[in-house]
Amino acid sequence: MSTPHPLNQAVVAQALHDLRNGQLRRCLSMGFSERELDVLKHPALVSLLANAQVPWCSVTVNTDVLWRLVGQMNDIEREIATVDRMLRLGASTEMVSKFYGLTHQEVALRRDIIGLPKRRGRHPVLNEDQEMILWKQWKAGITERNFELSDDSAMLELTMDLAEALSLPMSVIWAAIGSWIDQGLV
C-alpha cells in the first residue's frame, strides 16, 4: 500500500481550515474554484482527495511577490538597527516616534530589549565649548554630504554620526541643530 501524496494532504488541510474560518478568499487565492470548494463540503470526497496517491495539485511561486517580501524584511531589519542605534546614542522617545512611529511603550520595550538603563529627566544642555565643536562639525558634515536642511532623513543620519563622534546625547544634538535652523543661523 502506498502512502498518500503529502502535497495533496497539505492543500486539503489548509483549504478546510480556511473554509472553517470563513476565509473563502484565501481558498480562492490558493487556486480553488467555488465548484471545487463545494467538494470539500463532503467528507467522503475530502478523504479521497487527501489520500490520493497521485498529485492533483501543484505549487507555484510568485517571484515578484517573494522578492518584494524579502525586500520588506531587509527594510525592517535596517529600521530596527537604526532605532537601536538611535536609542544607544541617546535619542529621545519623541525622536524615535517622529521617525519610526513607535509609541512610548514600544520605545520603552525596545530599550529593555537592547539592555539600556531606564532614564529619568532630560540630558544636560551643551556648554559653550561643546556647542562650538558641534557647530563646526555639523557645518562640515552638511557641506561634505551636500543635502538640504529640510531633509530629515539625511539630518538624522548626520546627527547619529555626530553623537558617536562627540559622545554627546543625540537628543541634545538634535535640539541644538533644530534651534540653529529655526534661528536662521545657517
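Residues numbered from 1 in each chain as written. Predicted model: local features only at pLDDT ≥ 70, side-chain atom pairs only at ≥ 80, totals over all residues. Heavy atoms only, no water.

All right, on to the packing of aromatic side chains then. Applying the stated rule across the entire model yields four aromatic pairs. With centroids separated by 5.7 Å and ring planes inclined at 55°, the aromatic side chains of W135 and W138 adopt a geometry described as tilted. Placement of the pair is W135 and W138 together in helix α8 (residues 128-145), with a separation of three residues, close to one helical turn. Looking at W138, the relative accessible area reads 0%, which means it is buried. (Phe/Tyr/Trp six-rings, centres within 6.5 Å; stacked < 30°, edge-to-face > 60°. Helix = DSSP H or I, 4+ residues; strand = E, 2+ residues; numbered from the N terminus. Buried < 20%, exposed > 50% of the residue type's maximum accessible area, 1.4 Å probe, protein only.)

Overall, the coordinates contain eight salt bridges when judged by the stated rule. Where D161 meets R85, a salt bridge forms, and the shortest distance between an N and an O atom there is 2.6 Å. Here the residue D161 occupies a position in helix α9 (residues 152-166), and R85 occupies one in helix α5 (residues 63-88), the gap between them amounting to 76 residues. On the basis of relative accessible area, D161 is assigned to the partly exposed category, the value being 25%. Through salt bridges that share partners, R85, R145, E157, D161 and E164 make up one connected network. (Salt bridge = Lys/Arg side-chain N within 4 Å of Asp/Glu carboxyl O.)

Under the 1.5 Å per step criterion, the end-to-end length of α8 is 25 Å for 18 residues, consistent within 8% with the ideal 26 Å. Three or more residues of α8 are buried, namely L134, W138, G141 and I142. Mapping the buried residues of α8 onto a view down its axis gives an arc of 95°, with all of them on the same face. Those residues of α8 that are exposed and aimed more than 90 degrees away from the buried face are E128, D129, K136, T143 and E144. Buried residues in α8 make contact with α9 and α10 (170-182). With a side-chain oxygen lying 3.1 Å from the backbone nitrogen of D129, the N-terminal cap of α8 falls on N127. Downstream of α8 by one or two residues, N146 has phi in the positive range, about 50°. (Expected span 1.5 Å × (residues − 1). Arc of directions from axis to C-beta. Contact = heavy atoms within 4.5 Å. Polar contact = N/O pair within 3.5 Å; in protein donor to acceptor, adjacent residues only side chain to side chain.)

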